[in-house]
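Spelled out, the chains give:
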Amino acid sequence: MSRGDDLQSQALTKPAFSETQASALVESVFGLKVSEIQPLPSYDDQNFHVYVSRTKDTTDGPTEYVLKISNTESSKTPELIEVQSHIIMFLRAAGFPTASVCRTKGDNLTSLVSIDSGSEIASYLVRLLTYLPGRPIAEIPISPQLLYEIGRLAGKLDKTLEKFHHPKLSCLRRENFIWNLKNVPLLEKYLYALGQSRNREIVTQVIQLFKGEVLTKLGDFRECVNHGDLNDHNILVEAIKSAPEGATYHVSGILDFGDMSYGYYVFEVAITIMYMMIESKSPLHVGGHVLAGFESVIPLTPVERGALFLLVCGRFCQSLVIAAHSCQLHPENKEYLMITAKTGWKHLQQMFDMGQEAVEEIWFQTARSYDSGIAM
């Protein structure tokens with residue numbers, strides 16, 4: 001989900017290219033002949049699954065791509081999208097299952113396309129990435145082994161990005177970016193979208209606790225660049241073997257680097273735990289498996305561990321409040337926007353009712369079981 005800092009601007013910024021226009025973009029900008037094109041779900045950008053025809057010049061290249069058209073707000077920060085593209089390429093070179101970024105006919109990573117809508121001329125940044133195989137983990141039953149692998153992947157990703165350098169890397173210091181986990185207090189101006197409800201009371205309490213118990217400890221957390229959106233639709237998996245008790249899966253793709261920003265190691269694991277809870281039949285046990293995988297790469301400090309509960313609650317609040325607000329701006333996109341809300345409110349309320357100590361006991365005991373070789 002590539003989303004701007006200012007949620008109020010979303011109503012005007014989402015691209016609305018037809019399939020015919022999108023096909024023409026692929027051919028004119030990237031020089032590829034489109035045989036079929038299908039829209040993909042997106043938050044406030046526009047994505048298409050593109051199939052291209054083989055030519056004598058492309059006999060050994062990929063035949064499936066994703067065309068990404070950024071909204072007008074994101075298109076005003078090309079340096080941010082450039083850094084994201086270089087990170088995707090850097091991670092792929094390091095062995096991560098990320099897409100390849102295709103160059104334009106002019107040998108650039110992006111192209112700025114202007115469209116005259118009649119009342120104004122709007123400009124959109126366009127990119128083409130290779131299409132990654134696999135199914136979103138939202139579509140499969142997630143085993144403890146896979147949760148551990150995903151936690152480990154999150155840790156390895158953050159660790160690897162310590163070695164990434166780029167002259168414009170500072171653009172990832174997105175101070176008012178609504179999806180950066182430290183900005184949970186910015187949700188206060190969107191609480192109206194919840195009406196007067198129990199949900200609103202919980203979010204208000206989380207925000208107050210977050211201000212007092214998380215923001216005051218940021219100086220004790222270890223900083224890094226976060227992917228920031230390892231959700232159950234941004235991680236793809238493929239079956240590696242079938243067995244009577246069910247298939248075993250491995251991660252085959254990491255999608256959507258649009259929420260990257262400077263954060264902290266503990267942010268990444270908290271965000272990953274929250275999203276892995278969404279579809280789980282035993283959501284409270286998810287955290288320990290993800291944490292064990294993450295800590296096999298980057299052990300958390302006691303202060304970071306102590307903040308984990310409120311960070312997970314904070315991410316639930318971000319996702320749920322912003323979805324409610326965005327539904328008012330884009331009612332036609334409600335099904336996609338409300339994916340998290342189907343179970344998210346229930347999970348947040350359950351965590352909050354149980355309390356930090358009880359939830360931590362489950363998480364940390366599960367994580368310890370990996371040390372003894374007896375995963376729970």
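Above this note sits the structure.
A short tour of the structure in this document, coming up. Residue positions are given per chain, counted from 1 along the sequence in the order it is written. The predicted origin of the model limits local features to residues at a pLDDT of at least 70 and limits the giving and counting of side-chain atom pairs to 80 or more, whereas totals for whole chains, interfaces and linings rest on all residues. With hydrogens and water set aside, each side-chain value is computed from the structure's full complement of heavy atoms.

Another aspect to go through is the overall build of the protein. In this description a helix means any DSSP run of H or I spanning at least four residues, a strand means any run of E spanning at least two, and both kinds are numbered starting from the N terminus. Regarding its fold elements, the protein presents 11 helices and 10 strands. We take the radius of gyration over the C-alpha atoms and set the globule estimate at 2.2 Å times the residue count to the 0.38 power. Scaling as 2.2 N^0.38, a compact globule of 376 residues should have a C-alpha radius of gyration of about 21 Å, and the protein matches this with 21 Å. With the C-alpha coordinates of the protein rotated into their principal frame, the extents come out at 60 × 50 × 40 Å. Here the term buried applies to any residue with accessible area under 20% of the maximum for its type, exposed to any over 50%, and partly exposed to those in between, with areas from a 1.4 Å probe on protein chains only. In the protein, which comprises 376 residues, the proportion classed as buried is 55%. Should any heavy atoms of two residues lie within 4.5 Å, those residues are considered in contact. Across the protein, the fraction of contacts at a sequence separation of at least 24, relative to all contacts at a separation of at least 6, is 73%.

What follows is about the sheet that holds strand 9 (residues 248-254). Judged by pairing direction, the sheet is antiparallel, and its 3 strands sit side by side in the order 6-8-9 without closing on themselves. The open sheet has two free edges, formed respectively by strand 6 (135-136) and strand 9, since each of these has just one partner strand. Only the contacting stretch of a helix is used when fitting its axis, a line to C-alpha atoms as for every element, and angles between N-to-C directions run 0 to 180 degrees. On the sheet, helix 4 (residues 144-161) packs against strand 8 (235-241) and strand 9 and is oriented at approximately 30° with respect to strand 9. Strands pair, by our definition, only if DSSP identifies at least two bridges between them.

When a carboxyl oxygen of Asp or Glu lies within 4 Å of a side-chain nitrogen of Lys or Arg, that pair is called a salt bridge. Evaluation of the coordinates by the stated rule reveals 10 salt bridges. E175 serves as the salt-bridge partner of K182, at 2.9 Å between the closest nitrogen and oxygen. For E175, a relative accessible area of 44% translates into the label partly exposed.

Taking 1.5 Å of rise per residue, 13 residues should cover 18 Å, and helix 6 (residues 265-277) covers 19 Å from first to last C-alpha, within 8% of that figure. Judged by how many residues are buried, helix 6 sits mostly within the fold: 13 of 13 residues are covered. To estimate the expected span of a helix, count its residues, drop one, and scale the result by 1.5 Å.

Its identity as a non-glycine residue notwithstanding, D107 has a phi of 70°, on the positive side. Relative to the assigned elements, D107 resides in the loop between helix 3 (78-93) and strand 4 (111-116). In the Ramachandran plot, D256 falls in the positive-phi region, its phi being about 60° despite a non-glycine side chain. Residue placement: D256 occurs in the loop between strand 9 and strand 10 (261-264). Residue D256 is classed as buried on the basis of its relative accessible area, which comes to 19%.

Neither His nor the chain ends contribute to the count of charged residues, in which Lys and Arg are positive and Asp and Glu negative. One buried charged residue, D256, remains without a salt bridge, the closest side chain of opposite sign being K68 at 5.1 Å. Within polar-contact distance, the side chain of D256 engages the backbone nitrogen of G258 at 3.2 Å. Two N or O atoms form a polar contact when they lie within 3.5 Å of each other; inside protein one atom must be a possible hydrogen donor and the other a possible acceptor, and for residues adjacent in sequence the pair counts only when both atoms belong to side chains.

What follows deals with the packing of helix 5 (residues 198-213) against helix 8 (residues 302-329). The N-to-C vectors of helix 5 and helix 8 enclose an angle of 135°; their axes lie 10 Å apart at closest approach. The orientation of helix 5 with respect to helix 8, classified from their angle, is oblique. Relative to helix 8, the crossing made by helix 5 is left-handed. The residues of helix 8 that touch helix 5, namely those facing V203, V206, L209, F210 and E213, are L310, L311, C313, G314, C317 and V321. Side-chain classes are defined by residue name, with Ala, Val, Leu, Ile, Met, Phe, Trp, Tyr, Cys and Pro counting as nonpolar, Asp, Glu, Lys and Arg as charged, and the others, Gly among them, as polar. Here the residues of the contact of helix 5 with helix 8 sort into 9 nonpolar, 1 polar and 1 charged. Under this scheme an angle from 65 to 115 degrees is roughly perpendicular, one under 35 degrees roughly parallel, and one over 145 degrees roughly antiparallel; angles in between are oblique. Crossing handedness: left-handed means the near helix sits turned counterclockwise from the far one by under a right angle, and right-handed means the same turn made clockwise.

What follows deals with the pairing of strand 1 (residues 34-40). In this sheet, strand 2 (residues 46-52) lies alongside strand 1 in antiparallel orientation, the contact comprising 6 bridges. Paired with Q38 across the strands is H49, a residue of strand 2. Connecting strand 1 to the antiparallel partner strand 2 that follows it, the hairpin turn spans 5 residues.

Next up on the list: the packing of aromatic side chains. We call Phe, Tyr and Trp rings a pair once their centres come within 6.5 Å, taking the six-membered ring for Trp, and we label the pair stacked below 30 degrees between planes, edge-to-face above 60, and tilted otherwise. Within this structure, the stated rule accounts for 5 aromatic pairs. Summarising the aromatic geometry, the rings of F90 and F164 are spaced 5.3 Å apart at their centres and angled 65° between planes, so their arrangement reads as edge-to-face. Separated by 74 residues along the polypeptide, F90 in helix 3 and F164 in the loop between helix 4 and helix 5 bring together distant segments of the chain. Classification of F164 by relative accessible area gives buried; the value is 7%. On the numbers, 5.7 Å between centres and 75° between planes, the contact of F221 with Y264 is edge-to-face. Taken as a pair, F221 in the loop between helix 5 and strand 7 (223-226) and Y264 in strand 10 lie far apart in primary sequence, 43 residues in all. Here F221 falls in the buried class, since its relative accessible area comes to 6%. Each member of the aromatic cluster is reached from another via a ring pair, and the members are F221, Y264 and F267. Positioned above the aromatic ring of F177 is the side chain of R174, whose terminal nitrogen or guanidinium carbon lies 3.7 Å from the ring centre. Lysine and arginine charges are scored as sitting over a ring when NZ or CZ, respectively, is within 6 Å of the ring centre and within 35 degrees of the ring normal.

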